2 protein chains.
Amino acid sequence: MPQDSKHNLEILRHSAAHLAAQAILDLFPTTILTIGPATEDGFFYDVLPSTSFKEEDLERIEQRMHFFADQNLPITHKEISKQEARKIFGNNPFKLELIEKIPGDMVGLSQQGDFIDLCRGGHVHSTGLIKHIKLLGLSGSYWRGDKNNAPLQRISGTAFFTAEELENYLKQREEALLYDHRKLGKQMDLFSFHQEGAGFPFYHPKGKRIINTLIDYLRRLLDEQGYQEIATPIMLNDELWRCSGHYEHYKENMYFCLIDSKSFAIRPMNCPGSILLYNERPRSYRELPLRLAEFGLVHRHELSGVLHGLFRTRAFTIDDAHIYCMPNQIEDEISAMIKLVYQVFRKFEFEHISVGLSTRPDNSMGSEILWETATNSLKSALEKNKIPFKLQEGEGAFYGPKIEFKIHDSMGREWQCGTIQLDFFQPENFDLSYIASEGTKQRPVMIHRAIYGSIERFFGIILEHFKGNLPFWIAPLQVKLLTITDAQLPYAQKLFDLLKSENIRAEIDLSSDPLSGKIKTAQLERIPWMLVLGNKEMSQETITLRYRDGKQETGLSWTDLRALIHKNS
Amino acid sequence: MPQDSKHNLEILRHSAAHLAAQAILDLFPTTILTIGPATEDGFFYDVLPSTSFKEEDLERIEQRMHFFADQNLPITHKEISKQEARKIFGNNPFKLELIEKIPGDMVGLSQQGDFIDLCRGGHVHSTGLIKHIKLLGLSGSYWRGDKNNAPLQRISGTAFFTAEELENYLKQREEALLYDHRKLGKQMDLFSFHQEGAGFPFYHPKGKRIINTLIDYLRRLLDEQGYQEIATPIMLNDELWRCSGHYEHYKENMYFCLIDSKSFAIRPMNCPGSILLYNERPRSYRELPLRLAEFGLVHRHELSGVLHGLFRTRAFTIDDAHIYCMPNQIEDEISAMIKLVYQVFRKFEFEHISVGLSTRPDNSMGSEILWETATNSLKSALEKNKIPFKLQEGEGAFYGPKIEFKIHDSMGREWQCGTIQLDFFQPENFDLSYIASEGTKQRPVMIHRAIYGSIERFFGIILEHFKGNLPFWIAPLQVKLLTITDAQLPYAQKLFDLLKSENIRAEIDLSSDPLSGKIKTAQLERIPWMLVLGNKEMSQETITLRYRDGKQETGLSWTDLRALIHKNS
């Protein structure tokens, strides 16, 4: 069995979930099983135990899994009638509910040794293949993820084909826990969350500086690329959200207010505001492509249980843009966007980026020729930029094809960030038009695109990616000036003023600590550059530059330092 | 009678309202009168006519007012019993309602010729003194301003003591109508409002540039002044707003959402968020004064009838800051704030600023010594900065004294913008503390301050103040490069790149218009600087700089222009 495919890894992990269930029932026979799927990086099994499991039980269960793996039991699968299945799982209300939900008259059954489970299939051939496993945690869950249902316990773990892969994963996981952005956020005094608003981040001064730098950096690029920034309200009336379709499809995740007895929605997306602005006056073909960008604050409901630092919040800002263009402009626009996406991700030292192109699904809207033109434009733009991509046939939204970008971080994790989504629906829906050169009224194509995606989430991602050691250009405090004695303070002040004139975020350490203490403080604060200033430096008008990692450059002039600043900005 | 006091002007205008009512009843005897007060810049009378008045009627009414003024009728006032008043106004349900609401047994009655009106008094002695009058408009209103009540018609006008004052006012008013920011906003493509969200501005690209410039300018100053920028959620739970007192005192103006069946308020103010952030960890005296700034988006309900462009919106951003300090730091903090306020207002060419200091009211909280220390600090800071101010005894909020700044615009109007508000209440309320140098827990003082106030409103004010001709540094498009023929385009491009390197917002006019046409377009767009580039300029590497007002400077080198840019930025 080829071990490199994602599909096979899913099969292995789903098999590991069965193995975990077998071990659980062997040790705790009164446990009631529910479901045990593979996940992005492992598997879980949700169970209803007679007595709650404790962390200590995980080790016993894992040992038992190894015991059954060593027996190398064949795993078999067969189809049985629902009637028969109901008899087998008569004491398990969850499985009975599952049986009813499965279409048709037959259901799948898998077996390994004495252990049988309801299952649609997809397993390795024998338990002996499930060797490299690790149970990782115990948490609370609910039947079908709904907190009105029975509370369950979730046993999570992972499985790999080789010991080395498992070891790597566990090392990465440990590292990720060490550099959890929530931990770094507290250590570095960047942000906090408060019970008065779960899922709503509070940015402390240093965190806000980072957010501002993220926005300023992109704002400069957007200006160079001919985008125009707009700002639209964060709240608009329900009629608009009904028209855009968000009300019907997304209202469970939206928040609503009453104004003058009429219902308004806090925006979960920025497009309707952009569209109203586009539609504010007649547009000419001369204005196209019209690239309207908005750093738009949105609110989307998330269950309180899944809120997770900056990765999953209820309020976040999207670096949104909506491009209104003619069909024959799509390719150039997409090509420019792809370049921009790569430029931005590389600036943050993400070297490995995976790209997917999702094409026309069955239930699509829009003419065949529009889909073909558009999809070919996307393909061609990717090819011209020499970007390898995965063709995701039929996986586009019903209203247009899409390019998705996934960045790979320093700990080997994938994050879906950038998206470029073509939209044939909203231009129809809101009757968008432009006057073509020959004077006729035409329908523009709309492109939604984001690079960071949620700026909050991207902030969390780069914090972990850099393990808190943010590069010079984005660090909230970039330079700390450390004098050996107070005698060098005038020289430090002079350099500080020069740094300020270059818009560098700098600070003089005015404490009475010895140099070693000052260095230690700056290292704890993760300051990228320390300027060490003694009598020698002062008399020679030079600078000793000490980097965060301890490396030093001595004898730098201000001109040298200035050149280094420009190189790193 | 001294004509310079505001009080006397109010008396004159209230008398003019009576004169208007006299004229109306004389011409349209079946009209039912309601109330006729003086306003900030005139007066109005709300009436219920048998047949709706039209704009044409105003002139007739005004002529009749002059007729009664020429008769110089004495205006008398007496107190009568409510019983008698009920007889006199028996056919006027509005007046009858007013009579019931007046405390005591007696009410006032004024008389001039045959005309009598219910009135508590305060009139000039005879109609002959009401000479310089003008009726200005007809609009809809409701009895007691409540749209569930009877619809009325409002006749508005103004009155002055001298012809010159009236003439000046009418000229200013005409100018203000001409430069109404709503009109300029449309002409200059800066912002719009949409029925999907009344009172919520949509910023077009050029408007958003201005907003960004307003924020960037202040952000730089705040950084220099040791402020630290934060960002807190725009929505927090009701418990917090109950604790802060906003729920009790302000809930009619707040919007609410449900999250997980709990009520959350969209913030009408930014202070509670700042306070939560302050309270997030113990604070040391070493951190004080802690100056936390936030460009905070707030939502406050306004009746739809009073919404007025950017002057009165339902959503706006406050350039807020909350300073947490020790009582002995108040004076220095206030002094620095006063300097900052003046620096900012002068940057926008507001030369005349009125300042008021509001002191302890009767129902105040906080110790006498704290009030005394604080009020003396405010006074002393104003005096040290040589700022003349008006002492508004007893007009402070119950929780602390306040300094208010009013700017006077180019059309002679006053706008209350900056405020510095001391707050002894919230630190108690939220149990704010810091650890003093001797290790004891102490209560900090909190200062709320804003300079622009609402950035939206300030944007509207400067638009009108500059009559649309925004100064170079804040104009959305600062420079337009106009070539005489296409031959100079390479030179224009070179200058454009140089301008961009200085972060100047510039554009090359690529149209095929002749120079005169290009100049006209740039003037209509109100571009501050045009660079006129012909063959002579190109060959000599010089620039002809044409200002918006038509003045020109020729033979400038890039170095000259760069110096001018720095001078004007």
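About the thresholds
Residues numbered from 1 in each chain as written. Chains lettered and ligands numbered in written order. Predicted model: local features only at pLDDT ≥ 70, side-chain atom pairs only at ≥ 80, totals over all residues. Heavy atoms only, no water. Domains from an automatic or database assignment. Pairing = 2+ DSSP bridges. Helix = DSSP H or I, 4+ residues; strand = E, 2+ residues; numbered from the N terminus. Axes fitted to C-alpha atoms, helices over the stretch in contact; angles between N-to-C directions. Contact = heavy atoms within 4.5 Å. Buried area = accessible area lost by both parts, 1.4 Å probe. Salt bridge = Lys/Arg side-chain N within 4 Å of Asp/Glu carboxyl O. Polar contact = N/O pair within 3.5 Å; in protein donor to acceptor, adjacent residues only side chain to side chain. Buried < 20%, exposed > 50% of the residue type's maximum accessible area, 1.4 Å probe, protein only. Phe/Tyr/Trp six-rings, centres within 6.5 Å; stacked < 30°, edge-to-face > 60°. Lys NZ or Arg CZ within 6 Å of the ring centre and 35° of its normal. Parallel < 35°, antiparallel > 145°, perpendicular 65-115°, else oblique. Left-handed = near helix turned anticlockwise from the far one by under 90°. Nonpolar A, V, L, I, M, F, W, Y, C, P; charged D, E, K, R; others polar. Least-squares fit on C-alpha atoms with pLDDT ≥ 70 in both.

For the rest of this paragraph, the subject is the domain arrangement of chain A. Domains assigned within chain A are domain 1 (6-173), domain 2 (183-465) and domain 3 (479-568). Centre-to-centre, using C-alpha coordinates, domain 1 of chain A lies 57 Å away from domain 3 of chain A.

All names here are of chain B. Here we have three strands laid out as an open sheet, ordered S12-S14-S13, and antiparallel in their pairing. Each edge of the open sheet is held by one strand with a lone partner, namely strand S12 (235-237) and strand S13 (256-259). Across the sheet, the mean angle separating the axes of adjacent strands is 40 degrees when strand polarity is ignored. Of the pairings in the sheet, the one linking S13 to strand S14 (residues 262-266) comprises four bridges and is antiparallel in character. Bridge assignment links Phe256 to a residue of S14, and that residue is Ala265.

So, about the interface of chain B and chain A. When the parts of a complex come together, some accessible area is lost, and that lost area is often used as the size of the interface. Every contact between the two is made by 49 residues of chain B and, on the other side, 49 residues of chain A. For the pair chain B and chain A, the two sides together bury roughly 4000 Å², of which 61% comes from carbon and sulfur. Linking chain B to chain A there are 10 salt bridges. The salt bridge involving A:Arg314 is made with B:Asp260; its shortest N-O contact spans 3.0 Å. Our enumeration of links across chain B and chain A arrives at 14 residue pairs in polar contact (both at pLDDT 80 or more).

This part covers the environment of A:Glu464. Residue and element names in this part refer to chain A. Along the chain, Glu464 falls in helix H14 (residues 455-465). Under the relative-accessibility criterion, Glu464 is labelled buried at 2%. With 56 residues separating them in the primary sequence, Glu464 and Lys520 have C-alpha atoms 22 Å apart. A polar atom in the side chain of Glu464 sits 2.7 Å from the backbone nitrogen of His181.

Turning our eyes to something else, we now look at the packing of aromatic side chains. Here the structure, examined in full by the defined rule, presents 50 aromatic pairs over all chains. Between A:Phe348 and A:Trp473, the aromatic rings sit 5.2 Å apart at their centres with planes inclined by 55 degrees, giving tilted as the arrangement. One end of the pair, A:Phe348, is in the loop between helix H11 (330-347) and strand S17 (353-358); the other, A:Trp473, is in the loop between H14 and strand S24 (479-483), and 125 residues separate them in sequence. Residue classification places A:Trp473 among the buried residues on the basis of a relative accessible area of 10%. Members of the aromatic cluster, joined through ring pairs, are A:Tyr217, A:Phe345, A:Phe348, A:Phe350, A:Tyr452, A:Phe458 and A:Trp473. Its guanidinium or amino end placed over the ring of A:Tyr247, A:Arg242 lies 3.9 Å from that ring's centre, counting from NZ or CZ. Sitting above the plane of the B:Phe67 ring, B:Arg64 keeps its charged end 4.3 Å from the centroid.

A few words on the pattern of salt bridges. Summed over all chains, the structure comprises 65 salt bridges over all chains. With a closest N to O distance of 2.6 Å, A:Asp180 and A:Arg182 form a salt bridge. One connected set of salt bridges, linked through shared partners, spans A:Asp189, B:Arg281, B:Arg283 and B:Glu287.

So, on to unusual backbone geometry. Among all residues except glycine, the phi angle is most often negative; among peptide bonds, the trans geometry is most common. Going from A:Leu288 to A:Pro289, the amide bond is cis rather than trans, its omega being -10 degrees. Located in the positive-phi region is B:Lys386, a residue other than glycine, with phi close to 55 degrees. Inspection of the secondary structure assignment puts B:Lys386 in the loop between helix H12 (368-384) and strand S18 (390-392).

The next subject is the packing of helix H1 (residues 6-27) of chain A against helix H2 (residues 55-70) of chain A. Residues and elements named next belong to chain A. Between H1 and H2, the shortest axis-to-axis distance is 8 Å and the interhelical angle comes to 110 degrees. One way to sum up the angle between H1 and H2 is to call them roughly perpendicular. With respect to the hand of their crossing, H1 and H2 are arranged in right-handed fashion. Where H1 approaches H2, its residues Ala16, Leu19, Ala20, Gln22, Ala23, Ile24, Asp26 and Leu27 are matched on the opposing element by Arg60, Ile61, Arg64, Met65, Phe68 and Ala69. Grouping the constituent residues of the contact of H1 with H2 by class yields 10 nonpolar, one polar and three charged.

On to the relation of the copies chain B and chain A. Applying a rotation about an axis and a shift along it to one chain copy brings it onto the other copy. Once turned by 179 degrees and shifted 0.0 Å along the axis, chain B lies on chain A with an RMSD of 0.6 Å. The two molecules are tied by a two-fold rotation axis, judged by turn and shift. No C-alpha of chain B approaches the rotation axis more nearly than that of B:Cys257, which lies at 2.7 Å. When the interface residues of chain B are mapped onto chain A, 100% of them again fall at the interface, so both copies present the same face.

Residue and element names in this part refer to chain A. Among the 10 residues in strand S23 (residues 445-454), 10 count as buried, and that is most of the element. Looking at chain direction, strand S16 (residues 315-325) and S23 are connected through seven bridges and run antiparallel. Paired with Ile323 across the strands is Ile447, a residue of S23. With five bridges joining them, strand S20 (residues 414-423) and S23 adopt antiparallel strand pairing. The residue of S23 that forms the bridge with Leu422 is Ile447.

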